[in-house]
Amino acid sequence: MANSSYRTVYAFAREMYPKRIKLEMQYGTAGFRSKASNLDHVMYRMGLLAVLRARYKKAVIGVMITASHNPEPDNGVKVVDPQGEMLEQSWEAWATKFANVVDEKLEDTINELIKEFDIGNMGDRVEVVIGRDTRPSSPHLTKAVMDGVLALAGKPIDYGIVTTPQLHYFVVCKNTNRRYGQPTEEGYYRKLTNAFKKIRGNNYTCGKYTNKVLYDGANGVGAKKVKYLKEALGESLIIDMYNDEIIGSGKLNYLCGADHVKTHQDFPVGVPRIPNARCCSVDGDADRIVYYYLDDKENIHLLDGDRIATLIADYLREHLTATGISELTIGLVQTAYANGASTEYITNHLNIPVACVSTGIKHLHHQALTYDVGVYFEANGHGTVVFSNYAKDRMKDRVKNESFPIQQREACEKLLSLIDLINETVGDAISDMLLIETILHAREWDITDWEACYKDLPNRLMKVSVKDRNVITTTDAERICQTPDGLQDEIDSLVSRYNKGRSFVRPSGTEDVVRVYAEAKSQEEANKLAAEVAMKVYEMAGGVGTAPEVPA
Ligand code: G16
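Everything numeric here is computed off the predicted structure, so don't read it as measured data.

A.B. asks: Whenever I open this one, the overall build of the protein chain confuses me. Can you help?
C.D. replies: On a plain count of helices and strands, the protein chain comes out with 18 helices and 19 strands. In terms of overall size, the protein chain behaves like a compact globule, its C-alpha atoms giving a radius of gyration of 23 Å where 552 residues would be expected to give roughly 24 Å. By its C-alpha atoms, the protein chain is 70 × 65 × 45 Å across when sized along the principal axes. Burial statistics for the protein chain: of 552 residues in total, 61% are counted as buried. A separation of at least 24 residues holds for 70% of the contacts in the protein chain among residues at least 6 apart in sequence. Roughly 21700 Å² of accessible area belongs to the protein chain as shown, and the carbon and sulfur atoms make up 49% of that amount.

Below, the structure is given as structure tokens:
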């Protein structure tokens, strides 16, 4: 495609997707997020960018339209790279540039990118696979992405309503010539359920483990999709589904879903309050999951991403040791939000190395790839496990080689089945749920046994609205605040007054807020510390609206 023939691109851009708003967009933690009405031109331009990325990488690229845990009127878009990773960081800056440039400069920006990356094959009919969540604005925004893809003569493949992790899975299937699986929803369900049933066998309940889970679908795609899974799983796992309201009900993520449960430590509406019943919630695009239960006094007990990570890492470590392949490494990746008690448990009890990185799956995934078995989870329930090809090959060799002890070969076989159960491409609520259920079943545990592994430090998460959240900058995996000047000193001084106190602040990459995290010996102290730090942020970083309330 010669530059002169980009006429369609600019005609479309000007006529159908003009940039009407002044708002400066930023490709954040998980792409662009905003009110859906702000996003027409951004979607169109991400269609263009995806084609250029696909031509540059000579591979299929994914585009997911979702605002995940955000409210229903919002929407967003994230670009998925060939191996299922989030868009490479150097291209995030290009995405931001594409989203913000005025219509008249769009042509120059495209040419700049083509030149910078020497994209010569502008005639290639590259594929861009597109998925969307259940938001009412998503079909319209999908059309904008598809028009962008078509305008640069790419081939859009619309998968309709899918979970974010399903879209990542399709991208990887296509780019591995289907070695990772069939790039269809049916292929996805088949891969997961076959592995799950194979590991579980015919013994559905075991010890204190029961084969029933109460599932909160957040009134989103996670509810829609689990219906298929339920059928395929049959009696092996009974999923009682709640919060599966129809599209456009306005209830997406409202008082339910993984983010609500984790952030507010609050039992979701719509799920029956049955004491000691094992419950889980997914978020609006089904890439996060948290577990919880109500005790006899109706107190909620949360088993979040940290608990999930420790459960999985411990189980995998045990099997890895049993394989006898001693050189394989295992590591766990967390963010600053990880509960201090979990980090201590992993380090001192499980003896597994822990790394701390910045928020955002791209950072965790990248770090996890440095191990043969890399377990990564954010405390909010976003995570998965990745295995090196070396580990997979060694295990496959050992299964076939009869000179090794049968126990070692069986451990390898088990791990290989677990790998099929895991969506290695990205955090996946559905696959994570099946993995957690598999481990609880193998351990013969109920949810209180799982909780008994260690005791969380009480913690509190708060949000503060400020005029410009970018005035807050951080370093050391977001644990230290660099600007505004003096804020970190104030935080240190507040923290020093609390037993087991810890706190940090960071600008959100998905909402227009500053997040404040605090933990301490008691819940009252954690609440107070969080509120005091939130007040400092409000005072020193240009707070707007009502000031945070600090308990006396
Ligand atoms: C996204 C990211 C997560 C991140 C979360 C909150 O999740 O994928 O890695 O933890 O946003 O990010 P922030 O604190 O920067 O707003 P999701 O589920 O919304 O896509």
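A.B. asks: Can you walk me through the site of the ligand in this structure?
C.D. replies: Taken together, the neighbourhood of the ligand is formed by 20 residues, with Thr 29, His 69, Glu 378, Ser 508 and Thr 510 sitting nearest. Between an oxygen atom of the ligand and a side-chain N or O atom of Asp 287, the distance comes to 3.4 Å. Residue Thr 510 places a side-chain N or O atom 2.4 Å away from an oxygen atom belonging to the ligand. Looking at the shell around the ligand residue by residue, the class counts come to 2 nonpolar, 10 polar and 8 charged.

A.B. asks: What is the right way to read the UniProt feature "domain: Alpha-D-phosphohexomutase alpha/beta/alpha" (unreviewed entry) in the protein chain from this model?
C.D. replies: The sites that carry the UniProt feature "domain: Alpha-D-phosphohexomutase alpha/beta/alpha" (unreviewed entry) are, in the present numbering, residues 54–93 and 126–172. Structurally, residues 54–93 comprises 22% helix and 30% strand, and the distance from its first C-alpha atom to its last is 17 Å. In residues 126–172, the share of helix is 49% and the share of strand is 28%. The end C-alpha atoms are 15 Å apart.

A.B. asks: Quick question: what am I supposed to make of the sheet that holds strand β15 (residues 459–464) here?
C.D. replies: Hydrogen bonds between backbone groups are what pair the strands of a sheet, and the pairing can be parallel or antiparallel. The 3 strands are arranged β15-β19-β18 in an open sheet whose pairing can be described as antiparallel. The open sheet is flanked by β15 and β18 (502–507), the only strands paired with a single partner. Recorded for the sheet is a direction-independent mean angle of 15° between the axes of neighbouring strands. Alignment of β18 against strand β19 (residues 514–519), held across 6 bridges, turns out to be antiparallel. Bridge pairing links Arg 502 to Glu 519 in β19.

A.B. asks: Got a minute to help me understand the side chain of His 69 in this structure?
C.D. replies: Its location among the elements puts His 69 in the loop between β2 (61–65) and β3 (74–80). Of note is the side chain of His 69, whose polar atom sits 3.1 Å from the side chain of Glu 511. The contact partners of His 69, leaving out residues within four places of it in the chain, are Arg 33, Asn 253, Asp 259, Asp 283, Gly 284, Arg 288, Thr 510, Glu 511 and Arg 515.

A.B. asks: How do you make sense of the packing of aromatic side chains when you look at a structure like this?
C.D. replies: Any pair of aromatic rings gets described here by the distance separating the centres and the angle formed by the planes. Applying the stated criterion to the full structure yields 19 aromatic pairs. A ring pair is formed by Phe 12 and Tyr 44, whose centres lie 6.2 Å apart and whose planes are at 50°; its orientation type is tilted. Taken as a pair, Phe 12 in helix α1 (residues 7–15) and Tyr 44 in helix α2 (residues 40–57) lie far apart in primary sequence, 32 residues in all. On the basis of relative accessible area, Phe 12 is assigned to the partly exposed category, the value being 22%. The buried category is assigned to Tyr 44, whose relative accessible area is 0%. On the basis of an interplanar angle of 25° and a centroid distance of 5.7 Å, the ring pair of Tyr 56 and Trp 91 is categorised as stacked. Separated by 35 residues along the polypeptide, Tyr 56 in helix α2 and Trp 91 in helix α3 (residues 89–100) bring together distant segments of the chain. Judged by relative accessible area, which is 33%, Tyr 56 ranks as partly exposed. Judged by relative accessible area, which is 0%, Trp 91 ranks as buried. Ring pairs connect the aromatic residues Tyr 159, Tyr 169, Phe 170, Tyr 180, Tyr 188, Tyr 189 and Tyr 228, which therefore count as one cluster.

Definitions and cut-offs
- Residues numbered from 1 in each chain as written.
- Predicted model: local features only at pLDDT ≥ 70, side-chain atom pairs only at ≥ 80, totals over all residues.
- Heavy atoms only, no water.
- Helix = DSSP H or I, 4+ residues; strand = E, 2+ residues; numbered from the N terminus.
- Rg over C-alpha atoms; globule rule 2.2 N^0.38 Å.
- Buried < 20%, exposed > 50% of the residue type's maximum accessible area, 1.4 Å probe, protein only.
- Contact = heavy atoms within 4.5 Å.
- Areas by Shrake-Rupley, 256 points an atom, 1.4 Å probe, with all protein chains shown as cover.
- Near = heavy atom within 4 Å.
- Polar contact = N/O pair within 3.5 Å; in protein donor to acceptor, adjacent residues only side chain to side chain.
- Nonpolar A, V, L, I, M, F, W, Y, C, P; charged D, E, K, R; others polar.
- UniProt positions renumbered as here; feature names shortened; annotations may be inferred.
- Pairing = 2+ DSSP bridges.
- Axes fitted to C-alpha atoms, helices over the stretch in contact; angles between N-to-C directions.
- Phe/Tyr/Trp six-rings, centres within 6.5 Å; stacked < 30°, edge-to-face > 60°.

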